[in-house]
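Chain residues, written in single-letter form:
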Amino acid sequence: MILTVTPNPSLDRTYEVPSLDRGEVIRATGERMDPGGKGVNVSRAVAAAGQRTVAVLPLGGAPGALVADLLDAQGIEVAPVPVAGATRSNIALAESDGVLTKINAPGPELSAAEQELLLETVREQSRDADWIACCGSLPRGLAPSWYADVVARAHAGGARIALDTSGRALLEALRARPDVVKPNAEELAEAVGRPLSTVGDAVKAAEELREMGARAVLASLGADGQLLVDDAGAWFASARVDVVRSNVGAGDSSLAGFLIAGGSGPAALASAVAHGAAAVQLPGSVMPAPGDLDMAAVTVTAEVPLDRVLKEPVS
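Now for a quick tour of the structure.

Cut-offs applied
Residues numbered from 1 in each chain as written. Predicted model: local features only at pLDDT ≥ 70, side-chain atom pairs only at ≥ 80, totals over all residues. Heavy atoms only, no water. 1 Å grid on protein atoms, 1.4 Å probe; cavity = no way out; pocket = protein on both sides within 12 Å on 5 of 7 lines; lining within 4 Å. Points joined across faces, edges and corners; volume = space filled by probe spheres on them. Helix = DSSP H or I, 4+ residues; strand = E, 2+ residues; numbered from the N terminus. Nonpolar A, V, L, I, M, F, W, Y, C, P; charged D, E, K, R; others polar. Salt bridge = Lys/Arg side-chain N within 4 Å of Asp/Glu carboxyl O. Buried < 20%, exposed > 50% of the residue type's maximum accessible area, 1.4 Å probe, protein only. Pairing = 2+ DSSP bridges. Axes fitted to C-alpha atoms, helices over the stretch in contact; angles between N-to-C directions. Core = buried A, V, L, I, M, F, W, Y, C linked by side-chain atoms within 4.5 Å. Domains from an automatic or database assignment. Contact = heavy atoms within 4.5 Å. Polar contact = N/O pair within 3.5 Å; in protein donor to acceptor, adjacent residues only side chain to side chain. Disulfide = S-S within 2.5 Å.

### Regarding the layout of surface pockets
Size it by volume and the second largest pocket reaches roughly 150 Å³. Considering the residues around the second largest pocket, the lining is formed by Leu119, Val122, Arg123, Ser126, Arg127, Ile132, Val150, Arg153, Ala154, Gly157, Gly158 and Ala159. Contributing elements (two or more residues each) for the lining of the second largest pocket: α3 (112–125) and α4 (146–156). The residue makeup of the lining of the second largest pocket, split by class, is six nonpolar, three polar and three charged.

Here's what the structure looks like:
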């Protein structure tokens, strides 16, 4: 079982539009409403793969109730933490050329009692978990060290933990030695405090995160592919993508694919890339099912192309 923790979930509305023109009336060509949040998306991808997952998340108000209903309809077990504030609603505008514009609300502020209940719920639900995936931004009220506390408690209970967050929350959590962290290129650059121009730059940055405490780093480099750096070395993987429809949740799908395949080594990296590549070719934040994966389109190598210039360098 893969347990996911989403401290700041959302109700996501995605509209497909021909183009985004400021000040104009835009007629959507398609729309979706999905439960959102990075950990929620990981659970959705795990469920789409036919495996058991439990989603721990604070929920409040009508949007929170709708998130729970949508997850239940997808066969996902929900361990809700009732909160006084309403769950946030986010909007994504997906243009036909693949450009995505997102408007994310801040979400409710959690009280001290709600924070403790969230931690206790994670502890109770983690007993049967093979992996705990803690994902996304922290809501108002939670200190940057909150993820570090979760990592420490998970390890004390014998569970492995994957972390997908950024900024100070990531840096604080590294000291607790998460089993794997999953930054994208921008988050990786932010963590080491310098730009990334090549794959080699990303490898060096990943190694620095390991020096700071991460046991493994699974780094998404956008259209360039993904890196895995751990005790055994470094691997680079990429996949052919024919049409990009939406990258909402693609990174979360990648993390799910990585954990589904065991959470270590090149085979898990290949699964991560296959899931991410499948996700970007689906509308909105639809998670890929096994039939959507194309493992033959994935290439994994230990000969990392260090000098390759990133298509989307981070300044």
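Moving on from the coordinates now.
### Re the pattern of salt bridges
If charged atoms from side chains of opposite charge come close, those side chains can pair. Within the structure shown, the criterion is met by 14 salt bridges. Close ionic contact of arginine 210 with aspartate 231 constitutes a salt bridge, the shortest N to O distance being 2.2 Å. Of the two residues, arginine 210 sits in helix α7 (residues 199–211) while aspartate 231 sits in the loop between β13 (226–230) and β14 (233–239), which places them 21 residues apart along the sequence. Arginine 210 gets classed as partly exposed once you look at its relative accessible area, which sits at 23%. Given the relative accessible area of 71%, aspartate 231 is considered exposed. Residue aspartate 294 is joined to arginine 240 by a salt bridge in which the shortest nitrogen-to-oxygen separation is 3.3 Å. Of this pair, aspartate 294 sits in the loop between α9 (265–280) and β15 (298–301) while arginine 240 sits in the loop between β14 and α8 (250–260), and the two are 54 residues apart along the sequence.

### What about the sheet that holds strand β7 (residues 100–103)?
The pairing of strands in a sheet comes from backbone hydrogen bonds and takes either a parallel or an antiparallel form. Read across the sheet, four strands follow the order β3-β2-β6-β7 without closing on themselves; strand pairing throughout is mixed. Only two strands of the sheet have a single neighbouring strand rather than two, namely β3 (30–36) and β7. Averaged over all pairs of adjacent strands, the angle between strand axes in this sheet comes to 20°, irrespective of strand direction.

### Thoughts on empty space enclosed by the protein
Enumeration over the complete set of coordinates arrives at one cavity of 30 Å³ or more. In this structure, the largest cavity encloses a volume near 40 Å³. What lines the largest cavity is simply Pro7, Asn8, Pro9, Pro58, Leu59, Gly60, Val83, Gly85, Thr87, Pro108, Leu110 and Pro139. Broken down by class, the residue content of the lining of the largest cavity amounts to eight nonpolar, four polar and no charged.

### Observations concerning α8
Most of α8 sits inside the fold, with nine of its eleven residues counted as buried. Looking at α8, one finds that the buried residues are Ala250, Asp252, Ser253, Ser254, Leu255, Ala256, Gly257, Phe258 and Leu259. Immediately beyond the C-terminal end of α8, within one or two residues, lies glycine 262, with a positive phi of roughly 110°.

### Overview of the nonpolar core
Judged by nonpolar contacts, the single largest core of 52 residues is most densely connected at Ile132, Trp146 and Leu227. Formed jointly, this core draws a minimum of three residues from each of two domains, domain 1 (1–178) and domain 2 (182–314). Among all residues touching isoleucine 132, those that are not within four sequence positions of it are Leu3, Val5, Ser126, Ala154, Ala159, Arg160, Ile161 and Ala162. Within the second largest apolar cluster, 26 residues are counted, among which are Leu255, Leu269, Val273 and Met287.

### Observations regarding the environment of aspartate 179
Mapping aspartate 179 onto the fold places it in the loop between α5 (167–174) and β10 (180–181). For the pair aspartate 179 and aspartate 34, spaced 145 residues apart in sequence, the C-alpha to C-alpha distance is 29 Å. In contact with aspartate 179, not counting residues within four places along its chain, are Trp131, His155, Ala159, Arg160, Ile161, Arg215 and Ala216. A distance of 2.8 Å separates a polar atom in the side chain of aspartate 179 from a polar atom in the side chain of histidine 155. Polar contacts involving the side chain of aspartate 179 include one to the side chain of arginine 215, which spans 3.2 Å.

### Let's talk about unusual backbone geometry
Phi angles above zero are rare outside glycine, and arginine 177 is one such case at about 60°. Within the secondary structure layout, arginine 177 lies in the loop between α5 and β10. The partly exposed category is assigned to arginine 177, whose relative accessible area is 41%.

### Overview of the state of the cysteines
Taken as a whole and assessed by the stated rule, the structure comprises zero disulfides. No disulfide involves cysteine 134; its sulfur sits 6.9 Å from that of cysteine 135, the nearest cysteine. The class of cysteine 134 is buried, set by a relative accessible area of 0%.

The values are spatial; any link to function lies outside them.
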